[in-house]
Amino acid sequence: MTSTTVSPSPADRPTAGQETDATTDYVTVELAGYPVRALPSQRWRASTLRALNSGDLDAFAEGVLHPDDVDAWYDGDPTQDEIGAWVAQVAEAGGETLGKSSGPRGSSKSTRKR
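### Description of helix α3 (residues 57–64)
- If you check which residues of α3 are buried, you get Leu57, Phe60, Ala61 and Val64. Angular distribution of buried residues about the axis of α3 spans 95°; they occupy a single face of the element.
- Here the buried face of α3 lies against β2 (34–38), α2 (46–54), α4 (70–76) and α5 (80–93).

Right, dumping it as C-alpha cells:
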C-alpha cells in the first residue's frame, strides 16, 4: 500500500495529533515486524485501558487496532517489551506522551520559621 502526501506549509501544518485525527483516525506503527494501525492513545476507551491494566492484552489489542490489523497482533505474537515500546510509539505518533506526571512542584518560598 503506497500513498502520496502533499506537505502543507509550516504555517498551515497542524500538530501531529491533529493531523492524525483529521486524516485517518489511526496511526501506523510497526509491531513485531508488522505495520499495524491503532487509534491514537487519547482515543482509547476506559474499558480498553482496563483490559491493558488487567493483563488482557488480546482484548486491549482488539480495542485499539484497526479491525483489519487484529490478525497481525496474533500473527506477530509480540513480547511484553515489544508491546511496551509499541504503546509508547503509538502515543508519540498521535501527538501524546505516556508516562507519569512529574507531580506537584514544591513551593519556592522557604517554610522555615524565623
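### Regarding the confidence of the model for the protein
- In the predicted model, the protein carries a mean pLDDT of 76, and the fraction of residues at 70 or more is 63%.
- When pLDDT is averaged over each helix and strand of the protein, the minimum, 42, is found for helix α1 (residues 16–23) and the maximum, 95, for α3.
- Contacts from residues 1–23, a stretch scored under 50 in pLDDT, to residues over four places away or in other chains number 15 contacts.

### Topic: the pairing of strand β1 (residues 27–31)
- Residues of β1 alternate between two faces, with Val27, Val29 and Leu31 buried on one and Thr28 and Glu30 left unburied on the opposite face.
- Summarising the sheet, β1 and β2 pair through five bridges and their orientation is antiparallel. Counted as the bridge partner of Leu31 is Tyr34 from β2.
- In this antiparallel pair of consecutive strands, β1 and β2, the connection spans two residues, and Ala32 shows a positive phi of 50°.

### Description of α5
- Relative to the 20 Å expected for 14 residues at 1.5 Å per residue, α5 spans 20 Å between its end C-alpha atoms, a close match to the ideal helical length.
- Of the positions making up α5, those classed as buried are Ile83, Trp86, Val87, Val90 and Ala91. Across the axial projection of α5, the buried residues extend over an arc of 135°, all falling on one side. The exposed residues of α5 that point more than 90 degrees off its buried face are Asp81 and Glu92.
- Following α5 by one or two positions, Gly95 has its phi on the positive side, about 90°.

### Observations regarding a negative patch on the surface
- Residues Asp56, Asp58, Glu62, Asp77, Asp81 and Glu82 make up a contiguous surface patch of negative charge.
- Those elements that provide at least two residues to the negative patch are α3 and α5.
- Checked against the element boundaries, Asp81 lands in helix α5.

Reading guide: rules and limits
- Residues numbered from 1 in each chain as written.
- Predicted model: local features only at pLDDT ≥ 70, side-chain atom pairs only at ≥ 80, totals over all residues.
- Heavy atoms only, no water.
- Buried < 20%, exposed > 50% of the residue type's maximum accessible area, 1.4 Å probe, protein only.
- Helix = DSSP H or I, 4+ residues; strand = E, 2+ residues; numbered from the N terminus.
- Arc of directions from axis to C-beta.
- Contact = heavy atoms within 4.5 Å.
- pLDDT = per-residue confidence, 0-100.
- Pairing = 2+ DSSP bridges.
- Expected span 1.5 Å × (residues − 1).
- Patch = residues over 30% accessible without salt bridge, like charges linked within 9 Å, V, L, I, M, F, W, Y side chains within 5 Å.
- Areas by Shrake-Rupley, 256 points an atom, 1.4 Å probe, with all protein chains shown as cover.
- Salt bridge = Lys/Arg side-chain N within 4 Å of Asp/Glu carboxyl O.
- Lys, Arg positive; Asp, Glu negative; His and termini not counted.
- Charge placed at Lys NZ, Arg CZ, Asp CG, Glu CD.

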